[in-house]
Amino acid sequence: MTKYVYSFTEGNRDMKDLLGGKGANLAEMTTLGLPVPPGFTITTEACRAYLAAGEAPETLDVEVTAHLREVEQAMGRRLGDPSDPLLVSVRSGAKFSMPGMMETVLNIGLNDESVEGLAAQSGNDRFAWDSYRRLIQMFGKTVQDIDGDRFADILHKLQADKGYKGDLDMTTADLKHLVEEFKKVVEEETGEAFPQDPRRQMDLAIEAVFRSWNTERARLYRRRERIPNDLGTAVNVCTMVFGNMGETSGTGVCFTRDPSTGHSGVYGDYLVNAQGEDVVAGIRNTLSLADLERLDKKSYDELRSIMVKLETHYRDLCDIEFTIQQGKLWMLQTRVGKRTAAAAFRVATQLVDERLITTDEAVTRVTGDQLTALLFPQFDKAAEKTVVTKGMPASPGAAVGEIVLDNDQAASRVAAGASVILVRRETNPDDLAGMMAASGVLTARGGKTSHAAVVARGMGRCCVVGAEDLVVDEAAGTIHVRSEDLVLKAGDVIAIDGTTGEVFKGDVPVVDSPVMTYISKGLEAALDASPDADTQDLVRSVDRILTRADRRRCLEVRANADNPEDAERARSFGAQGIGLCRTEHMFLGDRRKLIEAVILAETAEERQEAFDALMPLQKSDFIGIFTAMDGLPVTVRLIDPPLHEFLPDLTELSVRLALKAERGEEVTDHERLLLEAVKANHEQNPMLGLRGVRLGLKIKGLFALQIRAIAEAAVECRKRGLDPRPEIMVPLIGSDRELQIVRDEALAIIADVSRESGMELDLPIGNMIELPRAAIRAEQIAEESDFFSFGTNDLTQTAWGFSRDDVEVSFFNEYFTYGIFGISPFETLDIQGVGELVATGVRRGRRGNPNLHCGICGEHGGDPASIHFFDGIGLDYVSCSPFRVPVARLEAGRAAIADRAEATA
Ligand code: PEP
Ligand code: MG
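What you see as residue numbers is a count from 1 along each chain, following the sequence as written. To label them, take the chains in the order written and letter them from A, then take the ligands in the order written and number them from 1. Thresholds applied to this predicted model are a pLDDT of at least 70 for local features of residues and 80 or more for the giving and counting of side-chain atom pairs; totals over whole chains, interfaces and linings are not thresholded and use all residues. The basis for the side-chain values is all heavy atoms of the structure; hydrogens and waters are excluded.

### A closer look at the overall build of the protein
The condition that has to hold: The helix and strand labels rest on DSSP assignments: H or I over at least four residues marks a helix, E over at least two residues marks a strand, and numbering proceeds from the N terminus. Burial status follows relative accessibility: with a 1.4 Å probe on protein chains alone, a residue under 20% of its type maximum counts as buried, one over 50% as exposed, and anything between as partly exposed. Computed by Shrake-Rupley with a 1.4 Å probe, the accessible areas treat only the displayed protein chains as cover when residues are assessed. Charge convention: Lys and Arg are scored as positive, Asp and Glu as negative, and His as well as the terminal groups of each chain are ignored. Where a charge sits is defined by one atom per residue type, namely NZ (Lys), CZ (Arg), CG (Asp) or CD (Glu).
Counting its secondary structure elements, the protein contains 36 helices and 33 strands. In terms of principal-axis extent, the alpha carbons of the protein reach across some 105 × 65 × 60 Å. A total of 905 residues make up the protein; the buried ones form 55% of that total. Summed over its atoms, the accessible surface of the protein is roughly 38,100 Å², and 49% of this surface lies on carbon and sulfur atoms. Taking the 103 positively charged and 142 negatively charged side chains of the protein as two groups, their mean positions are separated by 3 Å.

As structure tokens, then:
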């Protein structure tokens, strides 16, 4: 028979899956001998059974009875006994903390009779009636779904009528009156009297906590925090202790170190004569722990000693909820406390210095997301700001600048020394120049993996997307903020926060991140730049942890970069090479005409002419990148995107030529030819059409040009005394034969260049794995290949049949709501599906070529959860955008340490 209930004496802190965080820690504290009021925990499994069946399992009832009796015996009182009642609290507690998202009911067991018993036993009428009115209020709201304002309004009216300043002014008579009024509300709203049977109160409260798992706000919270929807919550039933029993009672929360700065020392708030919910609700101003020391030295000393005990036991910063009932301290909750990113790093190294944890453990105590938060420039928190609207935060950071609505304007304003925010309805590849010039990008449409978002993240550019409140009128040069009925013009200054998605009107001051200075310029430079001791301590902590992560990690970290500036930046951030150098950007802008000429060429000679013009340009691109990455590998991917990306838009061109014809203007041969080419290259599904290796096989000479440019650039670099290490990568391979053809051609060209230059060139030739077929046929493909790089962007598209640019805005919201996935598979690798393809590809690939080097270069290369998976399946490297390199270094270190810990466990 399934066991649904555990006494606090039975569980421990490792049972969070079953007992929830709160229950597991209450059990741990009980075992440690700390003063925890007796109680028991109903498992998450019971919650799941309740939610599935719509009613509690019958055996749960029976188990609850047995455990309740145990508590009654321990306390020498019965639940709701009219003369001396035991009262209990019923609290939610899921595996992951979801503060304020689910329900709690206190003072269960009070009714019209036991309230008198409580009054007599405590000798405190006021306390007893205050507890009873609280029960009816909380029970009505959370269990019976009565609008909380109905109770709050009555309470506020009473206080206003009597001229009271707060709830402590209420007399016993006032509280009795409130009880009567509250009971009337319950009867009006439910058609029944407030339940008087104590056990029924408890059972209904337990079910209400189960149900609160699925409230709208709880679901929303889980989605934001990436907590799975199917975990369920545990329910803790705990003997009530009272902080509202007069001046020698009170309730508080405290931390063993400061969770916002990481300073060591104790921090906390205390409220005299109050119950737990008063602290959270901020009803009255709280006192500090120093005040508690003054008021009740004995309890304070005991609390301090428990804080040391808990921190030593958990070996981490703990947060604690406690209550003092008439001078007796009780522990109501503890957990490893949440903290800011800066505090996380500082506390981790403090604990190492105190010899409480090892440096390896310190690495596991911080996350890539926390490091990210420390890397981006931030708005000055103290500054005044006016929020005008909010979009989706797509790439973190803080940017301030003039509104510009097109690329030319962006370039010219930046050339004139201005800082600009590029605001577009949505962006497309043509906006790259504008995005590079701008300090930030704001779009009215698109999701987190829309073009703007992906490109901005890649560039480390602050970006907010999908601000649907905005109507961008490029022709008029205005943005209309609908909700505010506010019109902003090009040139007006706005600020955007890529971490929150907020858009502000006017200037907001930005402060630099010292950790960024450390990452890009080193420890000494960062220490010099920030003289204050706290910042120096933070920078030193980051340095110690990152240095250890680098020592421990098995995965190499490379960067995705396609120009010398990005390559240099990546290198300064610690990249060990370039894992993806996309070459298509090298054919845009002024060079687009040359690709157009390749496409329009009618004869082999004409095409060769265009190639000849492109050759020196390509070669100099590569020389620049190989120079920046001297001595490190650079994986150059041959051209990938469909041709239409290099040609004018079909509709635009057709309309332009039709208008010309109508006006009697001459349409040139070139224009006619161009229109024909655009029509011929038009595809219904370009992402699944003529692109990648297919393009290379169809347009003869295109790959050859690139391969020769790579080889000749390598020769040139060597002549300059450098050590270039290019690798040639073929995109969108689906069959070994495709690769074989390109490889043979490449080997011939490389041999040619070697002969011509007299320099032996041995360039690895490999391919991307972006199609399910490639993963399945990896063994055969690997026989032709020196390395695989998993393109998990395309692999996600092709495995799910999703078009990356369309699906996010069109139906992902519904998919989140249905729980089909908790997070976009374009952000975090879909481990069960796409991950399985990657693992299969690696395994089979190494069967075909035992020396096969394997990496990943999709967006997931910089995603913490995905990196742990890649480490686990034995990839050699991850490649991500330069700004993600430090995060990937840290996460790869964490993954390796976790794997080792698992192996020795
Ligand atoms: C990929 O598909 O994962 C990849 C890196 O290629 P791209 O994003 O350029 O299609
Ligand atoms: Mg791809």
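Having seen the model, we can carry on.
### Comments concerning empty space enclosed by the protein
It is the rolling of a water-molecule-sized probe over the atoms that shows where space remains empty. Quick note on the threshold: A cavity here means a set of 1 Å grid points, computed over protein atoms only, where a 1.4 Å probe fits but cannot escape. A pocket is an open set with protein on both sides within 12 Å along at least 5 of 7 lines, and lining residues have an atom within 4 Å of a point. Grid points are joined across faces, edges and corners, and a volume is the space filled by probe spheres set on the points.
Under the counting rule described, the total for this entry stands at 4 cavities of 30 Å³ or more. Here the largest cavity is characterised by a volume of approximately 150 Å³. Lining the largest cavity are 17 residues, with R91, M240, V241, T323 and L332 positioned closest to its centre. Within the residue set of the lining of the largest cavity, elements represented by two or more residues are helix 1 (16-31), strand 5 (88-94) and strand 7 (233-239).

### Topic: the site of ligand 1
Condition: Definition of nearness: a residue and a molecule or strand are near each other if at least one heavy atom of the residue lies within 4 Å of the molecule or strand. Identification of polar contacts relies on pairs of N or O atoms within 3.5 Å, with a donor-acceptor requirement for protein atoms, meaning one able to donate a hydrogen and the other able to accept it, and with residues adjacent in sequence counted only if both atoms are side-chain atoms.
Taken together, L580, R582, R637, M768, E770, G791, T792, N793, D794, R804, C857 and G858 make up the full set of residues near ligand 1. Between ligand 1 and the protein, one listed contact pairs an oxygen atom with a backbone N or O atom of T792 at 3.0 Å. Relative to its unbound accessible area of 280 Å², ligand 1 is 93% covered by the protein chains. Put simply, the parts of the chain that give the shell around ligand 1 at least two residues each are strand 27 (578-582) and helix 32 (792-800). Among the elements that make up the shell around ligand 1, the one with the highest residue count is helix 32 (3 residues).

### A few points about the sheet that holds strand 10 (residues 287-288)
Worth spelling out the cut-off: The pairing criterion is simple: DSSP has to find at least two bridges between the two strands.
With antiparallel pairing, 5 strands are arranged side by side in an open sheet as 10-9-8-11-12. Each edge of the open sheet carries a strand with a single partner, namely strand 10 and strand 12 (328-336). Taken together, the 7 bridges between strand 8 (residues 250-257) and strand 9 (residues 264-272) define a ladder with antiparallel strand orientation. Bridged to G252 within strand 9 is Y270.

### Some remarks on the coordination of the magnesium ion (ligand 2)
Where we set the bar: Water is absent from the atoms considered, so a metal site may look incomplete; donors are defined as N, O and S atoms within 2.8 Å of the metal, or 3.2 Å for Na, K and Ca.
The protein atoms that coordinate the magnesium ion (ligand 2) are E770 (OE) and D794 (OD), at distances of 2.0 to 2.1 Å. You can see E770 sitting in the loop between strand 30 (765-769) and helix 30 (772-776) and its partner D794 sitting in helix 32, a full 24 residues away along the chain.

### Thoughts on helix 8 (residues 198-212)
This is how the line gets drawn: Each residue after the first adds 1.5 Å to the expected span of a helix.
Between its first and last C-alpha, helix 8 extends 21 Å over 15 residues, near the 21 Å set by a 1.5 Å rise per residue. For helix 8, the set of buried residues is P198, Q201, M202, A205, I206, A208, V209, F210 and S212.

### Looking at the pairing of strand 24 (residues 502-505)
Along any regular strand the residues' side chains alternate between the sheet's two faces. Both strand 14 (residues 386-390) and strand 24 contribute to a ladder of 4 bridges, which runs antiparallel. The residue bridging V387 from the neighbouring strand is F504, located in strand 24. Bridge analysis of strand 23 (residues 493-497) against strand 24 gives 3 bridges, and the strand direction is antiparallel. What sits directly across from A495, in strand 24, is F504.

### Observations regarding the nonpolar core
Where we set the bar: The definition of a nonpolar core used throughout is a set of buried Ala, Val, Leu, Ile, Met, Phe, Trp, Tyr and Cys residues joined through side-chain atoms within 4.5 Å. These domain boundaries are the output of an automatic or database domain assignment.
F345, L371, F788, F790 and L890 are the most contacted members of the largest nonpolar core, which totals 129 residues. Counting residues per element, this core draws most heavily on helix 28 (residues 702-719), at 12 residues. When residues of this core are sorted by domain, at least three fall in each of domain 3 (342-372 + 514-546) and domain 5 (553-580 + 615-641 + 696-904). By size, the runner-up hydrophobic cluster in this structure holds 55 residues, among which are F40, L110, L118 and I206.

### Quick look at the pattern of salt bridges
Counted only if it meets this: Between Lys or Arg on one side and Asp or Glu on the other, a salt bridge is scored when a side-chain nitrogen of the former is within 4 Å of a carboxyl oxygen of the latter.
Per the counting criterion, the structure on display carries 59 salt bridges. With a shortest N-O distance of 2.6 Å, D621 and R591 are connected by a salt bridge. With a gap of 30 residues between them, D621 in helix 24 (residues 604-628) and R591 in the loop between strand 27 and helix 23 (592-600) connect regions that are remote in the sequence. Classification of D621 by relative accessible area gives buried; the value is 16%. Here E712 makes a salt bridge to K619, at a shortest N to O gap of 3.4 Å. A residue pair is termed long-range when its members are at least 10 positions apart, and E712 in helix 28 and K619 in helix 24 qualify at 93 residues. Judged by its relative accessible area of 19%, E712 falls in the buried class. Residue class for K619 comes out partly exposed when judged on its relative accessible area of 23%.

### What about the layout of surface pockets?
Computed from the structure, the second largest pocket encloses a volume of approximately 890 Å³. Counting residues per element, the ones that place at least two in the lining of the second largest pocket are helix 9 (216-225), helix 33 (804-817) and helix 34 (831-848). Sort the elements by how many residues they give to the lining of the second largest pocket and helix 9 lands first, with 5 residues. Counting contributing residues, the lining of the second largest pocket receives three or more from each of domain 1 (5-239) and domain 5 (553-580 + 615-641 + 696-904).

### Some remarks on the pairing of strand 8
Strand 8 sits mainly inside the fold: 6 of its 8 residues count as buried. The turn joining strand 8 and strand 9, which pair antiparallel and follow one another in sequence, is formed by 6 residues; a positive phi near 90 degrees is taken by G262. Two strands pair when backbone bridges link them, and strand 8 and strand 11 (residues 318-325) are joined in this way by 6 bridges, in the antiparallel orientation. Within strand 11, the position partnered with V253 by the bridge is E321.

### Quick look at the packing of aromatic side chains
Any pair of aromatic rings gets described here by the distance separating the centres and the angle formed by the planes. Where we set the bar: Pairing of aromatic rings covers Phe, Tyr and the six-membered ring of Trp, with a centre-to-centre limit of 6.5 Å; geometry is then stacked below 30 degrees between planes, edge-to-face above 60, and tilted otherwise. Look at NZ for Lys and CZ for Arg. If either is within 6 Å of the ring centre and within 35 degrees of the ring normal, a charge sits over the ring.
This model, assessed by the stated rule, comprises 26 aromatic pairs. Ring centres of W800 and F821 lie 5.5 Å apart, and the angle between their planes is 80 degrees; on these two criteria the pair is classed as edge-to-face. Pair noted here: W800 is in helix 32 and F821 is in the loop between helix 33 and helix 34, with a separation of 21 residues, a long-range link. In this structure F821 comes out as buried when scored by relative accessible area, which is 8%. An aromatic cluster is built from W800, F802, F811, F812, Y815, F816, F821 and F826, whose rings are joined through pairwise contacts. The side chain of R558 reaches across the aromatic face of Y877, ending 4.2 Å from its centre.

### Re the side chain of K660
Operational definition: The contact criterion used throughout is that any non-hydrogen atoms of two residues lie within 4.5 Å.
Examined against the element boundaries, K660 turns out to sit in helix 25 (residues 650-662). Residues in contact with K660, not counting those within four places in the same chain, are E665, E666, V667 and E671.

### Some points on the packing of helix 35 (residues 864-872) against helix 36 (residues 885-904)
The criterion, for reference: Angular values range over 0 to 180 degrees, each being the angle between N-to-C directions of two axes fitted as lines to C-alpha atoms, with helices fitted over their stretch in contact. To sort the angles, those under 35 degrees are grouped as roughly parallel, those over 145 as roughly antiparallel, those from 65 to 115 as roughly perpendicular, and the leftovers as oblique. For any pair of crossing helices, the crossing counts as left-handed if the nearer helix is rotated counterclockwise from the farther one by less than a right angle, and right-handed if it is rotated clockwise.
Their axes nearest at 9 Å, the elements helix 35 and helix 36 cross at an angle of 50 degrees. Regarding the angle of helix 35 to helix 36, the classification is oblique. Two packed elements cross with a definite hand, and for helix 35 against helix 36 that hand is right-handed. Where helix 35 approaches helix 36, its residues P864, I867, H868, D871 and G872 are matched on the opposing element by V887, A888, E891, A892, R894, A895, A896 and D899.

### Digging into the sheet that holds strand 18 (residues 440-443)
With mixed pairing, the 8 strands of this open sheet are ordered in space as 14-24-23-16-17-18-19-15. Every other strand in the sheet has two partners, leaving strand 14 and strand 15 (392-395) as the edge strands with one partner each. Averaged over neighbouring strand pairs, the angle between their axes works out to 30 degrees when direction is ignored. Pairing of strand 17 (residues 420-424) with strand 18, which is carried by 4 bridges, proceeds in the parallel orientation. Considered in strand 18, the bridge of I421 is made with G440.

Just distances and angles here, no functional claims.
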